[in-house]
Amino acid sequence: MTKPKVLLTRRWPDAVERAMAERFDLTPNASDRPLGVSDFRDAFARFDAVCPTVSDKLGPEVFDLADTRTRILGNYGVGVSHIDLDRARALRMTVSNTPDVLSECTADLAMTLLLMAARRVGEGERQLRAGGWKGWHPTHMIGTKVSGATLGIIGFGRIGQAMAQRAHFGFGMKILVQNRSPVAPEVLVRYKAEQVASVDELLPQCDFVSLHCPGGRANARLIDGRRLDLMRPGAFLINTARGELIDEQALAQALWFGTIAGAGLDVYEREPAIPGELLGADNLVMLPHLGSATDRTREAMGFKVMENLTAFFDGKALPDRVV
Ligand code: DGY
């Protein structure tokens, strides 16, 4: 029996590429260079499955075709806002993603950013390495206490709950939650969390706000200038979800004028491009989209894509079907 032809758009962990190559007629991307629009259109004519990831932009122009050989997009990652799902559906493509396996590592990184921003870790390290540290003194680089503070979590899915787990049990934080649907009472009880009705209601009550909702058109610029003004002057904004959730120019202004105390970002609107105004803000901690970047998680994500493709080509129900 001929094996399905599968394309990986970037380099994947070796162990996953080896396993995929046994099961499928696999074309890996040895150069690791991102594909362009014409590469995708060409791939849709030649492969049964294409496996993109967050660094690929699959907008409407990619899907502007009469028909395709590709029947499934096995996305390497949980977020799918880089794929025009309506256009994929119109071409009768199935789309799968990789939930669960990255929740813990992404929440670990959100907590890292929260602690780094609150305790001025980036600033401190920069000062020390530049030879600017003059020794201990009582007023040196004073930060914000994390333990016992109030954390607002926007989006209370798997990653939001993993964040609550760390913040509540590890740091005794009070948890407020905003979520588009009601959260089950037993879940709220687990973290002694309280659900509020809207983002506007949550923001003024929090010392820290962490974003864990999906990106895409519906949530674009969810945190804009008006909402940054609703935050406390001593508060911090953390984003490990998607760059488009924040109006970056408005955030830069809020950081420069001290409307909020600081922020921690792992994701950006036009990554890897970062606006200069953000690069120059000392009260901002920035990481290069590292949320899921651990050996175990990146392998687990790849094996999850493999499970979904296997189910698809065996005619079985997909464990992680998006479309
Ligand atoms: C995801 O899974 O959506 C991440 O952003 C990629 O690590």
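Everything numeric in this text was worked out from a predicted model, so none of it was measured.

Colleague: Any chance you could break down the pairing of strand β9 (residues 208-211) for me, citing the residues and the numbers?
Modeller: Neither face of β9 is left uncovered, since the one carrying Phe208 and Ser210 and the one carrying Val209 and Leu211 both have all their residues buried. Relative to β9, strand β6 (residues 150-154) is paired through 4 bridges, and the arrangement is parallel. Paired with Leu151 across the strands is Phe208, a residue of β9. Strand direction decides the pairing type here: β9 and strand β10 (residues 236-239), joined by 4 bridges, are parallel.

Colleague: Describe the pattern of salt bridges, naming the residues involved and giving the relevant values.
Modeller: Think of it this way: side chains of opposite charge can pair up when their charged atoms draw near. Applying the stated rule across the entire model yields 19 salt bridges. With a closest N to O distance of 3.1 Å, Arg10 and Asp32 form a salt bridge. Taken together, the residues span a long stretch of sequence, with Arg10 in the loop between β1 (5-8) and α1 (14-23) and Asp32 in the loop between β2 (25-27) and α2 (37-46) at a distance of 22 residues. Residue classification places Asp32 among the partly exposed residues on the basis of a relative accessible area of 30%. For Arg126, the salt bridge goes to Asp282, with nearest N and O atoms at 2.9 Å. Taken together, the residues Arg126 in helix α5 (residues 121-129) and Asp282 in the loop between α11 (276-279) and β12 (284-286) connect sequence positions 156 residues apart.

Colleague: Tell me about the site of the ligand, and name the residues and values.
Modeller: All residues adjacent to the ligand are Gly77, Val78, Gly79, Leu102, Arg242, His289 and Ser292. With respect to the ligand, the side chain of Arg242 contributes an N or O atom lying 2.6 Å from an oxygen atom. Within the contact set of the ligand, an oxygen atom lies 2.8 Å away from a side-chain nitrogen or oxygen of His289. A total of 230 Å² of accessible area belongs to the ligand in isolation, and the protein chains cover 90% of it. Of the residues contributing to the shell around the ligand, the split by class is 2 nonpolar, 4 polar and 1 charged.

Colleague: Any chance you could break down the domain arrangement of the protein chain for me, citing the residues and the numbers?
Modeller: Entries for the protein chain in the domain assignment read domain 1 (5-99 + 295-313) and domain 2 (103-286). Computed over C-alpha atoms only, the centres of domain 1 and domain 2 are separated by 31 Å. Across the contact, 6 residues belong to domain 1 and 7 residues belong to domain 2. Here domain 1 and domain 2 share an interface that buries about 540 Å² over both sides, 49% of which is from carbon and sulfur atoms. Interface area lost by domain 1 to domain 2 is led by Val54, Ser81 and Pro99, which between them contribute 59%. Applying the counting criterion to the domain 1 and domain 2 interface returns 0 salt bridges. At the boundary of domain 1 with domain 2, the tally comes to 1 residue pair in polar contact (both at pLDDT 80 or more). Broken down by class, the residue content of the side of domain 1 that touches domain 2 amounts to 2 nonpolar, 3 polar and 1 charged.

Colleague: Let's hear about the packing of α1 against helix α12 (residues 295-313): which residues, and what values?
Modeller: For the pair α1 and α12, interaxial distance at closest approach is 9 Å and the crossing angle is 15°. The orientation of α1 relative to α12 falls into the category roughly parallel. Here α1 runs over α12; the crossing is right-handed. Residues Ala15, Val16, Ala19, Met20 and Arg23 of α1 pack against Glu299, Gly302, Phe303, Met306, Leu309 and Thr310 of α12. In the contact of α1 with α12, the residues fall into 7 nonpolar, 2 polar and 2 charged.

Colleague: Which residues make up the packing of helix α4 (residues 103-118) against helix α6 (residues 158-171), and what values go with them?
Modeller: Packed helix pairs are characterised by how far apart their axes lie and by the angle those axes make with each other. Where α4 meets α6, the axes come as close as 8 Å, and the angle between the chain directions of the two elements is 50°. The angle between α4 and α6 falls in the class oblique. Our pair here, α4 against α6, has a crossing hand that is right-handed. Along the contact surface, α4 presents Ser103, Glu104, Thr106, Ala107, Asp108, Ala110, Met111, Leu114 and Leu115, while α6 presents Arg158, Ile159, Ala162, Met163, Arg166, Ala167 and Phe171. A breakdown of the residues in the contact of α4 with α6 according to their chemical character gives 10 nonpolar, 2 polar and 4 charged.

Conventions used here
- Residues numbered from 1 in each chain as written.
- Predicted model: local features only at pLDDT ≥ 70, side-chain atom pairs only at ≥ 80, totals over all residues.
- Heavy atoms only, no water.
- Buried < 20%, exposed > 50% of the residue type's maximum accessible area, 1.4 Å probe, protein only.
- Helix = DSSP H or I, 4+ residues; strand = E, 2+ residues; numbered from the N terminus.
- Pairing = 2+ DSSP bridges.
- Salt bridge = Lys/Arg side-chain N within 4 Å of Asp/Glu carboxyl O.
- Near = heavy atom within 4 Å.
- Polar contact = N/O pair within 3.5 Å; in protein donor to acceptor, adjacent residues only side chain to side chain.
- Areas by Shrake-Rupley, 256 points an atom, 1.4 Å probe, with all protein chains shown as cover.
- Nonpolar A, V, L, I, M, F, W, Y, C, P; charged D, E, K, R; others polar.
- Domains from an automatic or database assignment.
- Contact = heavy atoms within 4.5 Å.
- Buried area = accessible area lost by both parts, 1.4 Å probe.
- Axes fitted to C-alpha atoms, helices over the stretch in contact; angles between N-to-C directions.
- Parallel < 35°, antiparallel > 145°, perpendicular 65-115°, else oblique.
- Left-handed = near helix turned anticlockwise from the far one by under 90°.

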